[in-house]
Amino acid sequence: MSKVLITRAVPERFLEDLRQTAEVTVYPEELKPMTREQFLDESKDKTVVITMLSDRVDQEFMDHCPELKAVINLAVGYDNIDLDYAAAKGIIVCNTPDVLTETTAELAFTLMLVTARRIIEAAQMVQDGRWIGWAPYLMAGQDVYGKTVGIYGMGAIGRAFARRCSGFGMTILYHNRSRQEAAESELGVKYADFDELITTSDYVVCTAPLTAETAGKFNKDVFSRMKEDAIFINIGRGGHVIEEDLLHAVQHREILAAGLDVLAEEPINKDHSFLAEPNIVVLPHIGSASVETRDAMIQLCVDNARRIINGEQPLTPVKMN
């Protein structure tokens with residue numbers, strides 16, 4: 001019988017059908033990831049492994065798992081997986097696109113509003129007992145309506161985010177490695193080169209996947225060329241940003257603020273330098289975290305696993321060269 005490992009606790013109701021065709025092992029922790037040693041040991045005889053972004057699926061791992069047929073990532077991204085080596089080994093890689101698009105775009109838009117209007121700061125003021133009265137500029141933030149937003153990465157999530165921005169009367173620029181003429185026609189967005197995007201946008205929003213081309217894209221030079229009252233939002237990957245450069249830009253008012261759902265190393269501790277800055281809002285990587293969407297993501301992973309075990313084509317294979 002085929003063997004499946006799921007590297008984080010998921011509701012049992014999703015596994016009933018899968019258990020009819022495979023021996024399923026579920027790591028019992030929800031928040032605490034497997035150690036590297038646990039990951040290697042538990043995977044060594046598995047046919048399919050359903051992984052999280054925190055699980056590094058590299059050459060060592062794949063060589064350690066001679067029975068491995070597929071790695072299924074509970075995420076739309078897959079930068080934790082060595083795709084080239086997986087292709088060389090004939091290992092299928094799947095992800096969970098589409099089902100999380102709207103939810104993640106919704107979080108990006110929420111994070112932009114929260115950061116612009118200083119919502120976290122304002123709520124903390126009330127909780128700390130520092131709200132002593134009304135004042136004309138008390139916790140005054142920035143408008144979003146009618147401003148210019150620059151979207152770096154016009155994939156499905158970027159387009160869904162743009163639809164939300166259009167409802168706020170925003171001028172929408174985007175930069176992508178290829179023109180998206182259908183999006184331009186449908187959404188009224190305008191293609192811009194990267195320099196125009198960062199120098200003219202009031203809000204710069206990164207929704208791109210992490211690749212060799214996009215890694216470290218947002219650095220000291222980029223932040224220094226953004227507007228002094230610009231706000232940077234990142235829901236892509238932490239690796240897009242040189243974090244010390246972002247911290248410097250906020251501290252020295254090269255940009256006004258930042259809202260981050262992703263960081264270079266996750267999780268962070270309470271002493272992280274970002275957390276001392278009131279103009280930096282950090283969320284715990286919850287872009288797709290609605291109950292409905294997480295249910296759909298888990299179900300898609302399980303459906304892919306079942307199809308692979310049965311010798312069928314998976315629903316969402318990652319294209320590999």
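The structure displayed is predicted, hence computed values, not measured ones. (Residues numbered from 1 in each chain as written. Predicted model: local features only at pLDDT ≥ 70, side-chain atom pairs only at ≥ 80, totals over all residues. Heavy atoms only, no water.)

Strand pairing within a sheet occurs via backbone hydrogen bonds; the two strands may be parallel or antiparallel. If you walk across this open sheet you meet the five strands as β2-β1-β3-β4-β5, and the pairing is parallel. The strands lining the two open edges of the sheet, one partner per strand, are β2 (22-26) and β5 (92-94). The mean inter-strand angle of the sheet, taken between neighbouring strand axes irrespective of direction, is 15°. Bridge analysis of strand β3 (residues 48-51) against strand β4 (residues 70-73) gives four bridges, and the strand direction is parallel. Across the sheet, the residue bridging to I50 is I72, located in β4. Its contacts with the sheet place helix α1 (residues 36-43) against β1 (2-6), β2 and β3, and it is angled at close to 150° to β3. (Pairing = 2+ DSSP bridges. Helix = DSSP H or I, 4+ residues; strand = E, 2+ residues; numbered from the N terminus. Axes fitted to C-alpha atoms, helices over the stretch in contact; angles between N-to-C directions. Contact = heavy atoms within 4.5 Å.)

With that settled, the discussion passes to the nonpolar core. Core analysis: the biggest nonpolar cluster contains 54 residues, and V4, M112, V149 and F161 have the highest contact counts within it. Mapped onto the domain boundaries, this core takes at least three residues apiece from domain 1 (2-97 + 291-309) and domain 2 (101-282). Leave out the neighbours within four places in its chain, and M112 touches V144, F161, C165, M170, Y203 and I233. Ranked by size, the runner-up nonpolar core spans 26 residues in total, among them Y152, F194, C206 and A208. (Core = buried A, V, L, I, M, F, W, Y, C linked by side-chain atoms within 4.5 Å. Buried < 20%, exposed > 50% of the residue type's maximum accessible area, 1.4 Å probe, protein only. Domains from an automatic or database assignment.)

Next up on the list: the domain arrangement of the protein. Splitting the protein by domain gives domain 1 (2-97 + 291-309) and domain 2 (101-282). A C-alpha centroid distance of 31 Å is found between domain 1 and domain 2.

Let us now look at the sheet that holds strand β10 (residues 231-234). Spatially, seven strands are ordered β8-β7-β6-β9-β10-β11-β12 in an open sheet, and the strand pairing comes out parallel. At either margin of the open sheet sits one strand with a lone partner, and together these are β8 (190-191) and β12 (280-282). Contacts between helix α6 (residues 156-166) and the sheet are confined to β6 (148-152), β7 (171-175) and β9 (203-206), with β6 contributing the most and set at about 175° to the helix. Where helix α10 (residues 243-251) meets the sheet, it contacts β10, β11 (257-260) and β12, and its direction lies at approximately 140° from that of β11.

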